[in-house]
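Overview (structure and organization)
Given next are the chains, with one letter for each unit.
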Amino acid sequence: MSLPPLVEPAAELTVDEVRRYSRHLIIPDVGMAGQKRLKNAKVLCVGAGGLGSPGLLYLAAAGVGTLGVIDFDVVDESNLQRQVIHGQSDVGRPKAESAADSVREINSLVNVVIHNEVLTTDNVMEIFAGYDLIVDGTDNFATRYMVNDAAVLLGKPYVWGSIYRFDGQASVFWAEHGPCYRCLYPEPPPPGMVPSCAEGGVLGVLCASIGSIQVNEAIKLLTGIGEPLVGRLMIYDALEMNYRSVKVRKDPECVLCGKNPTVTQLLEDYEAFCGAVSEEAQEAVSGSTITAADLKSMQDADENIYLIDVREPNEYEIVSIPGAVLIPKGEFLNGSALEGLPQDKKIVLHCKSGARSAEVLAVIKSAGFADAVHVGGGVLSWIKTIDPSLPTY
Ligand SMILES: [Zn+2]
């Protein structure tokens, strides 16, 4: 299924532009008309991280006239392994500004619009309305559903991508011509089931593989060439080295883009819709959460505690809290860790940020360890408040 171009061509290309884009201009399918469409195009990249990096760099080089970048975060050293739009001297700078500088360096003809803010239900509609196409490089489910809902409600297409370890996926969601993200994934995964890249890791170069598919699809949509990835999900396995695409059908019962939609405006709270942690975990942590400083004072006072790190061995190897015993979350979920727990000590759990330890807390409390607690904010909070000299990840 080919689709009409999203953007009308600009009136003309300057002599400089003809020189710069000559390798596009001599491709018959792109040609002068296609390049003029790119010049007139307004594209927004949500996130200047792993996927946004190649996305913004190649969209800028390709000559997309207006490039928006929205990101509220600052560049961290652990980003540099994959977020190639930022350099060492950008550590500590807002990502949106750092990314904009790189875009200008690659192509000064691009008009860069910086949105150095969090994308929220209050601003998403207004921001999206100013663009022809959205490229979604977000790394969490709450933002992903919000991006989808806003795009569908505004009738705009967007190019979606997702990455984890060695696996990537990409698609184009455009409710007018095919399915939306909710047709593919009607419900967010149960909290705690799908680890984020911060928890599970991601091969840096995977960002380039999936990000380049996203740019490829963006250019096709803007110029109206080729077969866009509408109604197809591209699945990439970097270890096996194969790409396969599977058909995704529009769900007539989709609550957003189906025949009788029940979601006709943005949800009030996407975080709540996706749930940071399960209800059981929420219940378990209430009144049973301590801070990293509390843990430090318990250790300093030589209290009778048993500190358990529920992360994975490779995470424990990177950084761990002194005195913590490693027992990964899975061993609690399958029950094997329970019989080895001491009955005469107070159990204190921690993970990276507090989500996994909350799930484990629910398990051990129901196994009878009623006075067990977990460290809110996990090892990250320990590093921040107790020992900033430790490596973070
Ligand atoms: Zn749908």
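Structure report, in brief. Just so we're clear, the structure is a prediction, and the values are computed from it rather than from any experiment.

Our next topic: the packing of helix 13 (residues 292–300) against helix 17 (residues 378–385). Packing of helix 13 against helix 17 brings their axes to within 9 Å, and their N-to-C directions diverge by 75°. Here helix 13 is positioned roughly perpendicular relative to helix 17, judged by the angle of their axes. On helix 17, the residues touching Ala292, Leu295, Lys296 and Gln299 of helix 13 are Ser381, Trp382 and Thr385. By residue class, the composition of the contact of helix 13 with helix 17 is 3 nonpolar, 3 polar and 1 charged.

Under the counting rule described, the total for this entry stands at 1 cavity of 30 Å³ or more. Around the largest cavity, the lining residues are Leu3, Pro4, Lys220, Leu221, Gly224, Ile225, Gly226 and Pro228. Counted by class, the lining of the largest cavity contains 5 nonpolar, 2 polar and 1 charged residues.

A few words now on the coordination of the zinc ion. Looking at the zinc ion, the protein donor atoms are Cys180 (SG), Cys183 (SG), Cys254 (SG) and Cys257 (SG), and they sit 2.3 Å from it. Relative to the metal, the 4 donor atoms surrounding the zinc ion lie at angles of 93 to 120°, and the coordination shape comes out tetrahedral. Spacing between the donor residues of the zinc ion along their common chain follows C-x2-C-x70-C-x2-C. With Cys180 in the loop between strand 6 (167–173) and helix 8 (181–184) and Cys254 in the loop between strand 8 (242–247) and helix 11 (270–274), the pair connects residues that are 74 residues apart, well separated along the chain. Each member of the pair, Cys180 as well as Cys254, carries the same accessibility label: buried.

With that settled, the discussion passes to the packing of aromatic side chains. Within this structure, the stated rule accounts for 8 aromatic pairs. An angle of 80° between the planes, with centres 5.9 Å apart, marks the rings of Phe173 and Tyr181 as edge-to-face. No difference in accessibility class separates Phe173 from Tyr181, as the two residues are buried. Seen from their ring centres, Tyr181 and Tyr185 are 5.3 Å apart, and the 55° between their planes marks the pair as tilted. We classify Tyr185 as partly exposed; its relative accessible area is 27%. Its guanidinium or amino end placed over the ring of Phe141, Arg144 lies 5.0 Å from that ring's centre, counting from NZ or CZ.

A word on the environment of Gly47. Within the secondary structure, Gly47 is located in the loop between strand 1 (42–46) and helix 4 (52–62). Residue classification places Gly47 among the buried residues on the basis of a relative accessible area of 11%. Residues Gly47 and Leu119, spaced 72 residues apart in sequence, show a C-alpha to C-alpha distance of 9.4 Å. When neighbours within four sequence positions are excluded, Gly47 is seen to be in contact with Gly52, Ile70 and Asp71.

With that out of the way, let us pick up unusual backbone geometry. The backbone of Arg165 shows a phi angle near 55°, a positive value even though the residue is not glycine. Considering the arrangement of structural elements, one finds Arg165 in the loop between strand 5 (158–164) and strand 6. Of the residues examined, Arg165 reaches a relative accessible area of 38% and is grouped as partly exposed.

What follows concerns the sheet that holds strand 2 (residues 66–70). The strand order across the open sheet built from 8 strands is 3-2-1-4-5-6-7-8, with neighbouring strands paired in mixed fashion. Where the open sheet ends on each side, the last strands, each with one partner, are strand 3 (111–115) and strand 8. Within this sheet the neighbouring strands show an average axis-to-axis angle of 15°, counted without direction. In this sheet, strand 8 lies alongside strand 7 (residues 232–237) in antiparallel orientation, the contact comprising 6 bridges. Each bridged residue has a counterpart across the sheet, and for Met234 the counterpart in strand 8 is Ser245. Helix 7 (residues 141–154) rests against strand 1, strand 4 (133–136), strand 5 and strand 6 of the sheet, and its axis sits at about 170° to strand 5. Across the sheet, helix 10 (residues 206–223) lies against strand 1, strand 4, strand 5, strand 6, strand 7 and strand 8, angled at about 170° from strand 5, the strand it touches most.

Calculation criteria
Residues numbered from 1 in each chain as written. Predicted model: local features only at pLDDT ≥ 70, side-chain atom pairs only at ≥ 80, totals over all residues. Heavy atoms only, no water. Axes fitted to C-alpha atoms, helices over the stretch in contact; angles between N-to-C directions. Helix = DSSP H or I, 4+ residues; strand = E, 2+ residues; numbered from the N terminus. Parallel < 35°, antiparallel > 145°, perpendicular 65-115°, else oblique. Contact = heavy atoms within 4.5 Å. Nonpolar A, V, L, I, M, F, W, Y, C, P; charged D, E, K, R; others polar. 1 Å grid on protein atoms, 1.4 Å probe; cavity = no way out; pocket = protein on both sides within 12 Å on 5 of 7 lines; lining within 4 Å. Points joined across faces, edges and corners; volume = space filled by probe spheres on them. Donors = N, O, S within 2.8 Å, 3.2 Å for Na, K, Ca; no water. Tetrahedral: all angles 85-135°; square planar, octahedral: opposite > 155°, others 65-115°. Buried < 20%, exposed > 50% of the residue type's maximum accessible area, 1.4 Å probe, protein only. Phe/Tyr/Trp six-rings, centres within 6.5 Å; stacked < 30°, edge-to-face > 60°. Lys NZ or Arg CZ within 6 Å of the ring centre and 35° of its normal. Pairing = 2+ DSSP bridges.

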